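# Coordinate analysis (summary)
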Amino acid sequence: MREIPGAWRRTARGAGLMSADGVASPTIFAEMSALAARSGAINLGQGFPDEDGPAEVLEAARQAISDGMNQYPPGRGHPDLLEAVAEHRARFDGVALDPGTEIIATAGATEGLAAALLALIDSPEDEIVVFEPYYDAYAALVALAGARLVTVPLRWPDFQPDLDELAAAVGDRTRVILVNDPHNPTGTVFTREVLQHVVALAERHDAIIVTDEVYEHLVLEGERTVVQTLPGARERTIAISSAGKTFATTGWKIGWATGPADLIDAAMTVKQYLTYVNGGPFQPAIAAGLRLPDSFFHGIADTLRRKRDLLGEGLAAAGFAVSTPAGSYFTVADAAPLGARDADDFCRELPDRAGVVAVPLTAFVTDARRPDYATLVRFAACKREDVIRDAGGRLAAMI
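Residues numbered from 1 in each chain as written. Predicted model: local features only at pLDDT ≥ 70, side-chain atom pairs only at ≥ 80, totals over all residues. Heavy atoms only, no water.

## Side note on helix α11 (residues 282-290)
- Of all nine residues in α11, seven are buried; the element is thus mostly enclosed.
- Those residues of α11 lying buried are Q283, P284, A285, I286, A287, G289 and L290.
- Elements that come into contact with the buried residues of α11 comprise α3 (55-66), α4 (79-93), β2 (103-106), α9 (244-247), β8 (255-258) and α12 (294-317). (Buried < 20%, exposed > 50% of the residue type's maximum accessible area, 1.4 Å probe, protein only. Helix = DSSP H or I, 4+ residues; strand = E, 2+ residues; numbered from the N terminus. Contact = heavy atoms within 4.5 Å.)

Written as structure tokens, this is what we have:
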């Protein structure tokens, strides 16, 4: 049998998808989704909404299809989307961008991350620093790029990093510091002090900052610090976001990367050999979404805040210890008060015990740090309020 290509094996191993004997294994997400389908449990494990996005955006997509915008869009992205991204970043973040040279459209944020990391990594000695727990694609993308993953732990219950540990993780081999803010899976929003420290370390060690900002409009407490606006950051930062979480269109996979022209050109060089282009009629539809009034963006945060509180109340009533998130879709809860010793086992048993699906936080960490997160579980609040209320009742009945 032909040998599995090295890049695939390296990626699977780096992402925890391959055992020591080289056998590929399904992710915990696939396992939990299968459990939900088989048992009919409420799925609070996966981070996708169960309601459609704004009617204006959906109608704009239908109109674009009717208008014949169904072939390849320009490689950098539909001009109207690039203009809309520039307008949006200026309106909400105070970042001025040239839509012709400093923005590209991507197949969701994940492709933007892949293009950036593959473009920036030069050597197997390059290191990419991430906060742990981390979005599961990060380890896979770092492995695919052939770099070394270096992690900085975020600890229960506030999940803010220790600045000394952050400084120790960044060195002269650091090529990229990858910042997800608001953060998946913990729901933390990093303080301005933390992000200033990131920028100072990047300057000191000549590293690039890549920010994953897909939850940018889902800040539920306090304010988000925009990294690109910090002194010294603009010329060394690629910011990546997408439409999926903001407009409840996760299946459209429309994202974008913004930053200095030279860094965006590097990412574009790689991106053209990944998807080439994507989402022709969806790009102008998302442009329409980005131009919605401020009230829409404030409204989605208000709605998710209510859902977060409802979920947190249900989890607390069921006996969990709860870390209240400052942003994102997700709430992390400790199942130890319920007698749990291993979050993986707890989540595998939960559909039968309570009719609810969640994801263990250990799915987002390196093997070495699994004991630090052994009983922590992630729940998604991006569902209808009646669904969240039902899930809370089922969990409470488990006691």
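Read on for the rest.
## Some thoughts on the pattern of salt bridges
- Across all of its chains, the model carries 26 salt bridges by this definition.
- One salt bridge connects D93 with R224, and the closest N-O pair in it is separated by 3.1 Å. With D93 in helix α4 and R224 in the loop between β6 (208-212) and β7 (237-242), the pair connects residues that are 131 residues apart, well separated along the chain.
- Relative accessible area serves as the criterion here: at 10%, D93 is assigned to the buried category.
- Given the relative accessible area of 16%, R224 is considered buried.
- Linking E127 and R148 is a salt bridge whose minimum nitrogen-to-oxygen distance equals 2.6 Å. Residue E127 is located in strand β3 (residues 127-132), and its partner R148 is located in strand β4 (residues 148-153); the two are separated by 21 residues in the primary sequence.
- Exposure remark for E127: the relative accessible area of 11% places this residue in the buried category.
- Here R148 falls in the partly exposed class, since its relative accessible area comes to 47%.
- Linked by salt bridges that have partners in common, R89, D93, E213 and R224 make up one network. (Salt bridge = Lys/Arg side-chain N within 4 Å of Asp/Glu carboxyl O.)

## Some details on the side chain of T211
- Tracing the sequence through the fold places T211 in strand β6.
- Side-chain polar atoms of T211 contact the side chain of E213, separated by 2.7 Å.
- Sequence-distant contacts of T211, that is, excluding residues within four places in its chain, are made with V179, V227, T237, I238, A239 and I240. (Polar contact = N/O pair within 3.5 Å; in protein donor to acceptor, adjacent residues only side chain to side chain.)

## A look at the environment of L263
- Its place among the elements puts L263 in helix α10 (residues 261-271).
- Classification of L263 by relative accessible area gives buried; the value is 10%.
- Spatially, the C-alpha atom of L263 lies 8.1 Å from that of R236, the residues being 27 residues apart in sequence.
- Those residues in contact with L263 that sit more than four places away from it in its chain are L120, I208, E235, R236, T237 and I238.

## A short note on the confidence of the model for the protein
- Residues with a pLDDT of 70 or more make up 93% of the protein, whose mean pLDDT is 94.
- Counting contacts from residues 1-5, a segment whose pLDDT is below 50, to residues more than four positions away or on other chains yields two contacts. (pLDDT = per-residue confidence, 0-100.)

## Here we look at the UniProt feature "domain: Aminotransferase class I/classII large" (unreviewed entry) in the protein
- Here, the residues flagged by UniProt with the feature "domain: Aminotransferase class I/classII large" (unreviewed entry) are residues 42-371.
- Between the C-alpha atoms that bound residues 42-371 the distance is 28 Å, and the span itself is 39% helix and 16% strand. (UniProt positions renumbered as here; feature names shortened; annotations may be inferred.)

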